[in-house]
Amino acid sequence: MAPYDLLLNSWKRYRPMDFRDEARFVDAIAPLVRQDFFKKRVLDAACGLGRNSFWTVRWGAREVVAFDQDPVLLEHANRLLKRFSNVTVVQGDLYEKEWDRSFQVVFAIDVLEHLPDAAAAIESLAKPLSPHGIFLIRVPQRERRGILGLLLGMFRLSDKRYFTEEDARALFPEETFAEVHTFPSNKNRRWTVIGLKK
């Protein structure tokens, strides 16, 4: 990880939840809404501190699996999610994790831009997604990365990747997904991409 990424990894530091966390999650998953998670089996890929998993279970998901590779983040996620009997926190690799169950919703929010092979991660995460299931990602827009993002990329101070709309859509192969829809968020310069599995 580049030095600047280490400096910016504030998401690894625990901060108590507050009223803004639900609003952030709502923004990240739009146009999906609470009802899209109700009574569904949900996989939160690279769950971090577990906050997105928290909202899906509060919104009535039948089962939530939160997984991440980082043991420090999983410790925080376990602390937050242990009150829910229908949540499992698991350590695993995005590329290699094997699942013994299927999910109706899979999401990876603000994750793929940090991976060396985002397409391979999508391919791996699509395997446990049930037919007609929803796969949602959120990635930063290349078109609106701003001066700071441009400079960091030029001087290789950040490993973060930025996506055009076409780049983001191309992560969802036609042989796996029946439909792919992209939604720009002008507020935070990100693409939300939703794929519906065949």
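Cut-off values and rules
Residues numbered from 1 in each chain as written. Predicted model: local features only at pLDDT ≥ 70, side-chain atom pairs only at ≥ 80, totals over all residues. Heavy atoms only, no water. Pairing = 2+ DSSP bridges. Helix = DSSP H or I, 4+ residues; strand = E, 2+ residues; numbered from the N terminus. Axes fitted to C-alpha atoms, helices over the stretch in contact; angles between N-to-C directions. Contact = heavy atoms within 4.5 Å. Salt bridge = Lys/Arg side-chain N within 4 Å of Asp/Glu carboxyl O. Buried < 20%, exposed > 50% of the residue type's maximum accessible area, 1.4 Å probe, protein only. Phe/Tyr/Trp six-rings, centres within 6.5 Å; stacked < 30°, edge-to-face > 60°.

> What's the story with the sheet that holds strand 2 (residues 63-68) in this structure? I'm lost.
Across a sheet, strands are paired by hydrogen bonds formed along the backbone, either parallel or antiparallel in direction. A sheet is described by the order of its strands in space; here seven strands give the open sequence 3-2-1-4-5-7-6, paired in mixed fashion. Every interior strand has two partners, whereas the edge strands, strand 3 (87-91) and strand 6 (177-185), have only one. Pairs of neighbouring strands in the sheet enclose a mean axial angle of 15°, with direction left out of account. Where strand 1 (residues 41-45) lies against strand 2, five bridges are found, and the strand directions are parallel. Each residue of the ladder has a partner; that of Leu-43, found in strand 2, is Val-65. In the packing of helix 4 (residues 71-81) onto the sheet, contacts are made with strand 2 and strand 3, and the angle to strand 3 comes to roughly 170°.

> I'm lost on the pattern of salt bridges in this one. Help?
Close approach of charged atoms allows side chains of opposite charge to pair. Under the definition given, this model contains ten salt bridges. A salt bridge links Arg-24 to Asp-21, with the shortest nitrogen-to-oxygen separation between them at 3.0 Å. Separated by three residues within a single helix, Arg-24 and Asp-21 lie in helix 2 (residues 19-29), roughly one turn from each other. With a closest N to O distance of 3.6 Å, Asp-27 and Arg-138 form a salt bridge. Residue Asp-27 is located in helix 2, and its partner Arg-138 is located in strand 5 (residues 129-140); the two are separated by 111 residues in the primary sequence. Residue class for Asp-27 comes out partly exposed when judged on its relative accessible area of 23%. Put simply, Asp-27, Asp-110, Glu-113, Arg-138 and Arg-190 are held in one network by salt bridges that share partners.

> I tried to follow the packing of aromatic side chains on my own but got confused; where do I start?
When we look at a pair of aromatic rings, we describe it by the centre distance and by the angle of the planes. Evaluation of the coordinates by the stated rule reveals twelve aromatic pairs. Both rings, one in Phe-67 and one in Trp-99, keep their centres 5.1 Å apart while their planes meet at 75°; by these two values the pair is edge-to-face. Separated by 32 residues along the polypeptide, Phe-67 in strand 2 and Trp-99 in the loop between strand 3 and strand 4 (103-109) bring together distant segments of the chain. On the basis of relative accessibility, which here comes to 1%, the residue Phe-67 falls in the buried class. Using a relative accessible area of 18% as the deciding quantity, one classes Trp-99 as buried. Look at Trp-99 and Phe-103: their rings are 5.6 Å apart centre to centre, the planes differ by 90°, and that puts the pair in the edge-to-face class. Assigned by exposure class, Trp-99 and Phe-103 land together as buried.

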